[in-house]
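Residues per chain, in single letters:
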Amino acid sequence: MTLAQIAALTVLAVGIGQLKSGRQLALLAVSTAVLFWLQPLEPLPTLGYWLPFGTLALTIISWVLTSESAARSWSQTWPAAAVIVGVAILVHLNGITGGRLNPAIVSPRPSQALFAIVVTAGLASLLWRWKAPQPFFRIGLSGLIVLAFILIKAPGLVGAAVTLWRSLPLVRGSVDAEVPFSWLGFSYVAFRLLHTVRDRQAGRLPAVSLGEYVIYVIFFPAFTAGPIDRVERFAGDLRSPLELRNDDWLDAGTRLVLGLFKKFVVADLLAVISISDVLVQHVKSAGWMWLFLYAYAFRIYFDFSGYTDIAIGMGRLLGVRLPENFNAPYLKPNIALFWNSWHMSLTQWFRSYVFNPLTRRLRSDRPSLPTWLAVLVTQLVTMVLIGLWHGITWGFALWGLWHGLGLFAHNRWAEFTRGRWPAGSASPSATRAVGILGMILTFNFVAVGWLLFGLSTPALAWQALRMLVAAI
Amino acid sequence: MHDELISQLESHMAARILKQPGRRIAADEPIISSGLIGSFDLIDVALYVEEAFGVRIADTELNSATFDTLGQLADLIQSRQSEC
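Residues numbered from 1 in each chain as written. Chains lettered and ligands numbered in written order. Predicted model: local features only at pLDDT ≥ 70, side-chain atom pairs only at ≥ 80, totals over all residues.

**Some thoughts on the overall build of chain A**
This is how the line gets drawn: Helix and strand assignments follow DSSP, with helices taken as H or I runs no shorter than four residues and strands as E runs no shorter than two, numbered in order from the N terminus. Using C-alpha atoms as the atom set, the radius of gyration is obtained and then compared with a globule rule of 2.2 Å times the number of residues to the power 0.38. Whether a residue is buried, exposed or partly exposed is read from the other C-beta atoms within 10 Å of its own C-beta, which are placed from the backbone; 20 or more gives buried, 12 or fewer gives exposed, and intermediate counts give partly exposed. A pair of residues counts as a contact when their C-beta atoms, built from backbone coordinates, are within 7 Å of each other.
Secondary structure assignment for chain A yields 19 helices and zero strands. Scaling as 2.2 N^0.38, a compact globule of 472 residues should have a C-alpha radius of gyration of about 23 Å, and chain A matches this with 24 Å. Considering only C-alpha atoms, chain A reaches an extent of 70 × 50 × 50 Å along its principal axes. A burial count over chain A gives 39% of its 472 residues as buried. In chain A, 75% of the contacts between residues at least 6 apart in sequence involve partners at least 24 apart.

Shown next, in the form of structure tokens:
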């Protein structure tokens, strides 16, 4: 997001937060409009409209399939549905008349947009009434979300999908091969949807209205960069009366200013001296390489945590306390505590839906499996998937593998030392020294891992690593 | 009852999870956020609670936001038992 966009969204958040009634519907309307407003230019012109539309359609269908039929109320549903459809139509009309809301959006033909709205509404109505096969549909829905996720995260598949799309009769205009494909916010949208589907399957999802559900999925402060909240916590905040006290204003303002400073001053300055494909090929000294690597490590932290601060600050203005995503991760004495403090909402998601179920299954169903092997399997699977969440490339997979092996090594070390050197057996100064040593080691382990994350190929990362190691 | 529960959890955790049978764990000592027990150990704690007290802690609840001390874990177990 640009500074101007953040400023506009903050003004909108302040305005909505001041509403005495109709706050939810206003939030729904603005979040829906922002979905279209922020969508960047696409290689196929009309995708700028269809992708946000697809997010909305998928979210509505997910709500129908995850909400308890007894808890659905038509009187609560129709105003939210009317707002969503109304905004989709207004954006479409705006696109036809010149696209001032977002010049990147080229509206499809009115007949096509109307057809898509009718099909979505028809499908939602059908699923609303057709209760028996819903468990099967939920499995299908999970598969569809995962498939869409894989499609947008795999660069090669995207190219094939664009070619396929071009051949469809729905498409207007030519393909701009120079423009990258981007389904804005879908990485986060998909994981929010999967959380609700999975919890519904487990019978744990609380009743939420259509409006609450859609706002949760596309909440504009957290739409592009998280955090990934949990729907029951989020809906609780939405239902609470909003009365901002001086402390809340101060809190929100502080987070916003801090976030802007981190993102647009610190991170953007560090970006100039951070490792990149070009820099790696021109650096001749290991010392400079270490400096550029450390700059990247801090840049990625300040960039991402800055965005999180902005989202949390904006959320406060709307009465929503979004979860924290970072807790001084580079000051942690080991890699396990680092991962308890880095991108916390994503790691918690993976613990809840990948690591914990997998570990529980292995411990319950295969008690004869050696503990070390169970730890290795669960850590590697979880961390490689976290890597692939960022993009389906070898670099991200290897980055996940690097951290999985680090967590495994730490687990084994902790197991080895537990019986031999119990906590509290060393003097306070020795404990402090070990903590500082652990922190330095952990930071450098994480920093070296960023080579795989920040450079476009593992070959470049290897080249950089060889130079770094040569200095030691 | 509550203290007994905490004591039972403490002795299991010290002996089986931490491998330090004599270790004391205070009822209000953070066990997850402090890194005392890792995410893998947490599953063993959940399986023990399920087996010993007949209380299921869901995968989504295995985090420091749900319980971070033995006292909070004992509260959770008791509240689940009273629901049954």
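The structure having been displayed, the exposition proceeds.
**Let's talk about the overall build of chain B**
Each helix and strand in chain B was counted, giving three helices and zero strands. Listed by position from the N terminus, the elements making up chain B come as α-α-α. Against the compact-globule benchmark of 12 Å for 84 residues, chain B has a radius of gyration of 12 Å, which places it among compact chains. Counting every position in chain B, which comprises 84 residues, the buried fraction comes to 33%. Counting only contacts in chain B whose residues sit at least 6 apart along the sequence, the fraction spanning at least 24 positions is 63%.

**Describing the nonpolar core**
Put simply, the rule reads: In plain words, the nonpolar core is the set of buried Ala, Val, Leu, Ile, Met, Phe, Trp, Tyr and Cys residues that C-beta atoms within 7 Å link up. Boundary definitions for the domains trace back to an automatic or database domain assignment.
A:Ile84, A:Val214, A:Tyr216, A:Phe219 and A:Met314 are the most contacted members of the largest nonpolar core, which has 71 residues in total. Considering each element in turn, this core owes the most residues, 12 residues, to helix α3 (residues 47-66) of chain A. Built from parts of two domains, this core gets at least three residues from each of domain 1 (3-239) and domain 2 (246-317) of chain A. With 52 residues, the next largest nonpolar core counts A:Leu293, A:Leu452, A:Leu455 and B:Leu18 among its residues.

**Looking at the packing of helix α18 (residues 428-454) of chain A against helix α19 (residues 458-470) of chain A**
Residue and element names in this part refer to chain A. The test is simple: Note on definitions: angles span 0 to 180 degrees between N-to-C directions of axes, and those axes are lines fitted to C-alpha atoms, for helices only across the stretch in contact. Two helices that cross are described as forming a left-handed crossing if the nearer one is turned anticlockwise from the farther one by less than a right angle, and a right-handed crossing if clockwise. Three classes are used, and their members are as follows: Ala, Val, Leu, Ile, Met, Phe, Trp, Tyr, Cys and Pro are nonpolar, Asp, Glu, Lys and Arg are charged, and the others, Gly among them, are polar.
Two elements in contact, α18 and α19, have axes whose closest approach is 8 Å; the angle formed by their N-to-C orientations is 145°. Note on packing geometry: the crossing formed by α18 with α19 is right-handed. Between α18, through Val448, Leu451 and Leu452, and α19, the contact on the second element is made entirely by Pro458, Ala461, Ala464 and Leu465. Taken together, the residues of the contact of α18 with α19 break down into seven nonpolar, no polar and no charged.

**What about the interface of chain A and chain B?**
Across the contact, 21 residues belong to chain A and 16 residues belong to chain B. Those elements that place two or more of their residues in the side of chain A that touches chain B are α14 (335-339), α15 (344-365), α16 (371-389) and α17 (394-420) of chain A. Of the residues in the side of chain A that touches chain B, the class split is seven nonpolar, nine polar and five charged.

**Here we look at the packing of α3(A) against helix α6 (residues 134-153) of chain A**
All names here are of chain A. Look at α3 against α6: their axes get within 10 Å of each other, and the N-to-C directions meet at 145°. Helix-helix and strand crossings are classified by hand; for α3 and α6 the assignment is left-handed. The residues of α6 that touch α3, namely those facing Ile61, Ser62 and Leu65, are Gln134, Phe137, Arg138 and Leu141. Across the contact of α3 with α6, the residue classes break down as four nonpolar, two polar and one charged.

**Some thoughts on the confidence of the model for chain B**
Residues and elements named next belong to chain B. So the rule is basically this: How sure the predictor is of each residue is captured by pLDDT, a score from 0 to 100.
In this model, chain B carries an average pLDDT of 91, and 98% of its residues clear a pLDDT of 70 or more. The lowest-confidence element of chain B is helix α1 (residues 2-17), averaging 91 in pLDDT; the highest-confidence one is helix α2 (residues 39-53), averaging 94. Scored as a whole, the predicted complex attains pTM 0.92, and scored at its interfaces, ipTM 0.93.

**Structural notes on the domain arrangement of chain A**
All names here are of chain A. Each assigned domain of chain A is listed here: domain 1 (3-239), domain 2 (246-317) and domain 3 (329-470). Distance between the C-alpha centres of domain 1 and domain 2: 29 Å. Between domain 1 and domain 2, the contact holds 12 residues from the first and nine residues from the second. By residue class, the composition of the side of domain 1 that touches domain 2 is nine nonpolar, three polar and no charged.

**Observations regarding the environment of A:Met314**
Residues and elements named next belong to chain A. Here methionine 314 lies in helix α13 (residues 286-317). A count of 26 C-beta atoms within 10 Å places methionine 314 in the buried class. With 30 residues separating them in the primary sequence, methionine 314 and methionine 344 have C-alpha atoms 19 Å apart. Once you skip the residues sitting within four places of it in the chain, methionine 314 turns out to touch Leu9, Thr10, Ala13, Pro221 and Leu256.

**Some points on the environment of B:Ser34**
Residue and element names in this part refer to chain B. Its place among the elements puts serine 34 in the loop between α1 and α2. On the basis of neighbour counts, which here come to 14 C-beta atoms within 10 Å, the residue serine 34 falls in the partly exposed class. Between the C-alpha atoms of serine 34 and isoleucine 57, which are 23 residues apart in sequence, the distance is 20 Å.

**What to know about unusual backbone geometry**
Residue A:Gly226 is joined to A:Pro227 through a cis peptide bond whose omega torsion reads 5°. As for its position among the elements, A:Pro227 is in the loop between α9 (210-218) and α10 (231-239).

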